[in-house]
Amino acid sequence: MTHGDSAGPVCSLKFVTLLVVLGLELLFVGAGVQLQENGYNGLLVAINPQVSEDQNLIPNIKEMITEASYYLFNATKRRVFFRNIKILIPATWKANNYSKVKQESYEKANVIVTDWYGARGDDAYTLQYRGCGEEGKYIHFTPDFLLNDDLTAGYGSRGRVFVHEWAHLRWGVFDEYNNEKPFYINGQNQIEVTRCSSDITGIFLCEGGPCPQENCVISKIFKEGCMFIYNSTQNATASIMFMQSLSSVVEFCNASTHTQEAPNLQNQMCSLRSTWDVITDSDDFNNSFPMKGTELPPPPTFSLVQAGDKVVCLVLDVSSKMAKADRLLQLQQAAEFYLMQIVEIHTFVGIASFNSKGMIRAQLHQINNDDDRKLLVSYLPATVSAEAETSVCSGLKKGFEMVEKLNGKAFGSVMILVTSGDDEHITNCFLTVLSSGSTIHTIALGSPAVKNLEELSHLTGGLQFFVPDKSNSNSMLDAFSRISSGTGDIFQQHIQLESIGEYVKPHHQLKNTVTVDHSVGNDTTFLVTWQTSGPPEIVLFDPNGRKYYTDDFITNLAFRTARLWIPGTAKPGLWTYTLNNTHHSPQALKVTVTSGASRSAVLPATVEAFVERDSTHFPHPVTIYAIVRKGFYPILNATVTATIESETADPVTLKLFDDGAGADVIKNDGIYSRYFFSFAVNGRYSLKVRVHHCPSISTLAHSIPGSHAMYVPGYITNGTIQMNAPRKSVGRREEEQKWGFSRVSSGGSFFVLGVPADPHPDVFPPCKIIDLEAVKVEEEVTLSWTAPGEDFDQGQANSYEIRVSKSLQNIQDDFNNAILVNTSKLNPQQAGTKEIFTLSSQLFTNGPEHQPDGETQKSHRIYVAIRAVDRNSLKSAVSNVAQASLLIPPNSTPVFARDYLILKGALTAMGFTGIICLTIVVTHCVLNRKKRADKKENETKLL
C-alpha cells in the first residue's frame, strides 16, 4: 500500500524481519493466492452454506484441481502449478475433524461453489470486472457441475474447465468464442468461424444436416439455425480459451496461431493480442522461470477447514482524542446498533478498550436473545480517559486474550478495531497479529489516526473504513453495518436500505422516504440519532398510513439514539419518515434503516461497493465499483451513486454506469463503475454507494455475466454427427417489481498521496474508448462509440483523432502513421453519449497504403481506431481496434437462390428472344403482304 511506505526505513526493516521469522506463507495469509517457486499457495475454495452436504463433492473438487495442476503446468510450458489449496466447509455441514479456520471466509474465496445459478445453467464462469491483464473476482461452479459426470461431454473434463477459468481469474484474458457472432467475413472475403485457432476443423450444419458454408449467409446476414460442428479428433493444439474440451488442445493461442480478425471478447478487450501474449506479460511469468528437467510437479495438497463458533471482539479507543468532534458519541451509536441489530445470533462477543494500556470491559458472551445484546451494550465505554496516548497493540492483545480463553487460540475470530489516535509503535504487534489467525477490520476516526493502521486489515484480509470528523456523516454506522460474518449466507445477513445524515436548522425537519421491497422485510429496524440532549420529534408512516411516533421508539438518551423494530415482516412499499428539530440550535440528524430477507425462496437485491485499490498517488484515479444483483443475476438500469468524503473537503457525488465505456469494462453485467480523481487533500477518503431502482424499468438481465467455458453442442466422430444433450437452461422467474428497491452500502476507504497544495495544470486526459464498432452500410462505414470526457469519463472532450488502415499491424503498432480521417465536422458530445460518425469507403479503395514490409496489400477489410483529445491537447490511449468488411463475399448467396436467379434469367432471356422473333415474323409478313398488294395494283394499272 502506498501510504504504508511513509513509515520509512525502520518500518521496512521490521517487515524484512517478519519475512524471516514468519515465512512468506504466513505473511501473506490475508493477501490471496501467492506464486512461490512455480507453485500457487493459498488458493481458497469455499462452499456456500446453502449447498446440501454431499460426500462426493469434496473428492470431486480435489480431483478437478489435481488434473488442472498438471494440465496448467504443461500449458504454461512448465511454469506454474497448484501446490496448496484450502477448501472451506460450511458450518451447516457436519463436523468431521476439519481444521479450524483462520482468516478464511466465503467472501474472500477465489473459487465459490453455490446453487444459485440462472439462465446459464451449469456453466462454470469467472466474474471479470476489470480490463485485459487484470485479475477477476472469483470463479463460480455449481454443485451439479462438480457432481454430474454427464456434463463433461459438453464442457470437457473438469480439470480443463478449471484451467480455462483460472486464466480468466488470474491473468485477465477473455473468451475466444462468441455465441452472438459465431461467424464473420475475413479480410479475404471468406466466411470464417469465430475460433482460435483457425486450424480447428469441422463442418457447417444447417437444419439438421451438413451444408456448404455459403448456405449460412444471406447478404452478409448469417442464417438462423446454422452452426459449426467440430471434429472430435483434431491436430490443432490451441486454444484453451476457445475449446478446452478437445483432447488435442493443450496450449493457449500465441502470436502464430491467434486469429486477430475474430470478433471475440479477447480481441476486443486486449487490443487484438493473443491470450499467451497477455499471460506471459503477467507478474507470474515476469517473476518466475520454467522448471528444469522433465519431472512433473508434485500433486496439490488440500486442507479442509471449517468455521467454528463465531467470535467478535470490539477493540475501542478511549483515549482523550476520542472526545473531539463527537467521536465517542458516534462510536457509541454505531456500536450499540451493531450489538442490537447487526451481529448474528449465537455469536460470542467481547469488548476491550485501550489508551496507553488495554483493558477488558466485557468477557466473551454469547448472544442468544435481546437481553444478551442489552447486557453487552451496557459495557460500552461511557467516557474517555484523560490520556492522549494510544497503544493499538495493547488493545488487540486484550482482544486475543479473551478469545484464547474460549478456544485456546484466536483462529477464526474477528476484531473490530476503532481508533482516532496516532501510534508509532503499531508495527510492534504485527508478529502477534499475523500469527493470531484473526481477521482485523479497522475503522479510523479523523485524519490523525494511525498512518499505517490499514496494514492490519490488509495483512489479515479485513475491511478498512474511515470516519471523517463531520457530525452529519453516517460513515461510522455504515462501517458497522457493512461488517458481516462472511459466511456467504445472505439470508442470515442484514441489508442496509437507508443511510442519511443532514444538519437541520431549528424547527426545521428532515423528511424522506425509504422503499421496503417484497424481498426484504424481516427484522426491519429504523434507527434515528441526534446530537443534543433530547430526541427530535419523529413521525413514521408505513405504506398503509399507520403512524409511529417518538414514543414508539426505544430511546437511549445517553447515546442519543431511538430505535424502532418492526415485528414480523414489514409491509412492502414506501415508508415515510419526518424528523423535526425542536431545539433552538442546528444539529445533525441521521437515519439508518436495515432489514433482512423476507423468505428463503426470494433472493434480495444486494449491492457490494469497493475500490480497485486501497491507495493511490496523484494524478492516478481511483476506480469505484458497485456490484448490483439479485442472487447472481445482474440488475440493470439502476440509479447508482457514490459519495466520497475526505476529512476537510465537501463530499463528492458521482453517478456510476454499467454502459461498457470509460471505467466500466463490460456493459450490462450489473457492475457499475466510475473514475474518481477529484482529490482535494492528501489522506483518507470514505466511500458510500446508494442504489435506487424504479419499478417501471426492466430490472434483471436474462443471463449471468462473466467469462464462461464453452459448452459444445456436438461433435463429428468418424464421420457421424453426435449431438450432446442441450445445455441446461434455468430461466429466471419474472417477478413483479411494484415498488422498486433501495440499497446503501459502505465501500470502505482508500488513501491518496501526492495531491499538490496549490492549483495545478490539467493532468487528466480523456479516458480510453473501449467500445468502438465499425459497420459497412453500402458505400459507407459507420463508426459508433461512447464519448469519453475532458477528464477521464467526466466533461466533454475537445476533438477526436480517427485513423484507418488496411493493415491490422499498421494501426496496432504505428497508429500515428495510419490514414488520418477528416473529423473537422465531428464535435465531441458530453461523456457517456453515443457517438456516430460515417466515412466513405472510397478512402480505402482509391490507392495502395504503405505496409510495414514495404509491399502493397490487397485487402477487403479495414481497421479503425480512435483517440480523444482535450482542450489542453492531452490525448487518451488509443481505442480498441474495430474492423469492417468492404465487400460482400461473391459466394454469399445461397445455392437455391442462385439457381432461382439463373432460371429467372434464362426465362427472361427466352422471353426477350421470343418477342424479337415474333416481331421479325410479323414484320416479314406485313412487308410481304404489302409487296403483293403493290404488285397486284401495278398489274391492274398495266391492264
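Because the structure is a prediction, the values reported are computed rather than measured.

Definitions and limits used
- Residues numbered from 1 in each chain as written.
- Predicted model: local features only at pLDDT ≥ 70, side-chain atom pairs only at ≥ 80, totals over all residues.
- Heavy atoms only, no water.
- Helix = DSSP H or I, 4+ residues; strand = E, 2+ residues; numbered from the N terminus.
- Buried < 20%, exposed > 50% of the residue type's maximum accessible area, 1.4 Å probe, protein only.
- Contact = heavy atoms within 4.5 Å.
- Areas by Shrake-Rupley, 256 points an atom, 1.4 Å probe, with all protein chains shown as cover.
- Phe/Tyr/Trp six-rings, centres within 6.5 Å; stacked < 30°, edge-to-face > 60°.
- Lys NZ or Arg CZ within 6 Å of the ring centre and 35° of its normal.
- Core = buried A, V, L, I, M, F, W, Y, C linked by side-chain atoms within 4.5 Å.
- Disulfide = S-S within 2.5 Å.
- Pairing = 2+ DSSP bridges.
- Axes fitted to C-alpha atoms, helices over the stretch in contact; angles between N-to-C directions.
- Parallel < 35°, antiparallel > 145°, perpendicular 65-115°, else oblique.
- Left-handed = near helix turned anticlockwise from the far one by under 90°.

Student: Where do I start with the overall build of the protein in this structure?
Tutor: Each helix and strand in the protein was counted, giving 19 helices and 51 strands. Scored against the burial criterion, the 943 residues of the protein give a buried share of 55%. Once local pairs closer than 6 in sequence are excluded, the contacts in the protein between residues at least 24 apart make up 76%. Of the roughly 40,500 Å² that the protein leaves accessible, carbon and sulfur atoms contribute 52%.

Student: Hey, could you run me through the packing of aromatic side chains in this one?
Tutor: Each pair of aromatic rings is reported with the distance of its centres and the angle of its planes. Applying the stated rule across the entire model yields 38 aromatic pairs. Consider the rings of tyrosine 675 and phenylalanine 792, whose centres lie 5.3 Å apart with planes at 45°: the pair is tilted. Here phenylalanine 792 lies in the loop between β46 (780–786) and β47 (799–805) and tyrosine 675 lies in strand β39 (residues 671–676), a separation of 117 residues in the sequence. An aromatic cluster is built from Tyr40, Phe82, Phe141, Phe145, Tyr155, Phe162, Trp166 and Tyr711, whose rings are joined through pairwise contacts. In this structure, lysine 77 packs its charged tip against the face of tryptophan 276, placed 5.2 Å from the ring centre.

Student: I would appreciate a short explanation of the side chain of threonine 275 in the present structure.
Tutor: By secondary structure assignment, the location of threonine 275 is in helix α9 (residues 275–280). When its relative accessible area of 0% is taken as the criterion, threonine 275 is described as buried.

Student: Help me understand the nonpolar core in this model?
Tutor: Proteins that are soluble and globular tend to have nonpolar side chains buried together. Counting residues in each nonpolar core, the largest one holds 73 residues, and the members touching the most others are Phe82, Phe141, Phe162, Trp166, Trp171 and Phe252. No other element matches helix α3 (residues 57–75), which puts nine residues into this core. Core analysis: the second largest hydrophobic core is formed by 34 residues, Ala335, Phe337, Ile367 and Ile443 among them.

Student: Sorry if this is basic, but what is going on with the state of the cysteines here?
Tutor: Two cysteines whose sulfur atoms are joined by a covalent bond form what is called a disulfide. Following the criterion strictly, the structure yields four disulfides and no others. Sulfur-sulfur distance for the disulfide between cysteine 132 and cysteine 270 comes to 2.1 Å. Handedness of the cysteine 132-cysteine 270 disulfide follows from its S-S torsion of about 105°: it is right-handed. Linking cysteine 132 in the loop between β8 (125–127) and β9 (138–141) with cysteine 270 in the loop between α8 (265–269) and α9, this pair joins segments that are 138 residues apart in sequence. For cysteine 132, a relative accessible area of 23% puts it in the partly exposed group. The exposure class assigned to cysteine 270 is buried, which follows from its relative accessible area of 1%. Paired by a disulfide, cysteine 206 and cysteine 211 hold their sulfur atoms 1.9 Å apart. Negative torsions about the S-S bond denote left-handed disulfides, and the value of about 50° found for cysteine 206 with cysteine 211 makes this one right-handed.

Student: Please explain the sheet that holds strand β31 (residues 573–580) as it appears in this structure.
Tutor: Strands belonging to one sheet form pairs held by backbone hydrogen bonds; the direction of such a pair is parallel or antiparallel. Strand order in the open sheet made by the four strands is β25-β31-β27-β28, with antiparallel pairing throughout. Where the open sheet ends on each side, the last strands, each with one partner, are β25 (509–516) and β28 (547–549). Shown here is a sheet whose adjacent strand axes are inclined to one another by a mean of 15°, direction ignored. Relative to β31, β25 is paired through eight bridges, and the arrangement is antiparallel. Paired with lysine 511 across the two strands is threonine 578, which belongs to β31.

Student: I would appreciate a short explanation of the packing of α3 against helix α6 (residues 158–171) in the present structure.
Tutor: Running from amino to carboxyl end, α3 crosses α6 at an angle of 70°, the nearest separation of the two axes being 8 Å. By the angle between their axes, α3 is roughly perpendicular relative to α6. Regarding α3 and α6, the two cross each other, and that crossing is right-handed. On the side of α3, the interface is formed by Asn60, Met64, Ile65, Glu67, Ala68, Tyr71 and Leu72, while α6 contributes Arg158, Gly159, Arg160, Phe162, Val163, Trp166 and Trp171.

Student: Is there a simple way to think about unusual backbone geometry in this case?
Tutor: Excluding glycine, a negative phi dihedral is what most residues carry, and trans is how most peptide bonds are arranged. Of note, the amide linkage connecting cysteine 196 to serine 197 takes the cis form, showing an omega dihedral of 10°. Mapped onto the secondary structure, serine 197 falls in the loop between β11 (191–193) and β12 (202–206). Looking along the chain, the bond that leaves phenylalanine 618 and enters proline 619 is cis, with omega of 10°. Turning to its location among the elements, proline 619 is positioned in the loop between β34 (615–617) and β35 (622–630).

Geometry only, nothing functional implied.
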